Amino acid sequence: MAVFKLQLKDGREKLIEAGRAGRTADGQIVIEDTDSLGVWDCLEEYPAEEVKAVWRRGPAESGIYTWIAQPVEGRWWSY
């Protein structure tokens, strides 16, 4: 499980706990988790035009937990 923070373009922020987050080839942000059989299932989807930034909570190089910015371009998955 990971914690993700989404900054939406309307100024709101959302904190979401999920197995992974990703950015598709068309820029859409998807939040996914596994079901009881271990199959990935989409929990939430956000169109590219609604999301300003995405962060994942995790350890920085210093070892201290902080918000780690995810790429604003290109396709990615973060666990």
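Our structure is the block above this text.
First, a word on scope: everything that follows refers to the structure included in this document. (Residues numbered from 1 in each chain as written. Predicted model: local features only at pLDDT ≥ 70, side-chain atom pairs only at ≥ 80, totals over all residues. Heavy atoms only, no water.)

1. A word on the sheet that holds strand S3 (residues 20-23)
So, step 1. In space, the 4 strands of this open sheet follow the order S5-S4-S3-S8, with antiparallel pairing throughout. Each edge of the open sheet is held by one strand with a lone partner, namely strand S5 (40-46) and strand S8 (76-78). The average angle at which neighbouring strand axes cross in this sheet is 25 degrees, direction not considered.
So, step 2. In the sheet, strand S4 (residues 29-34) pairs with S5 via 6 bridges, with the strands oriented antiparallel. By the bridge assignment, Glu32 is partnered in S5 with Cys42. (Pairing = 2+ DSSP bridges. Helix = DSSP H or I, 4+ residues; strand = E, 2+ residues; numbered from the N terminus. Axes fitted to C-alpha atoms, helices over the stretch in contact; angles between N-to-C directions.)

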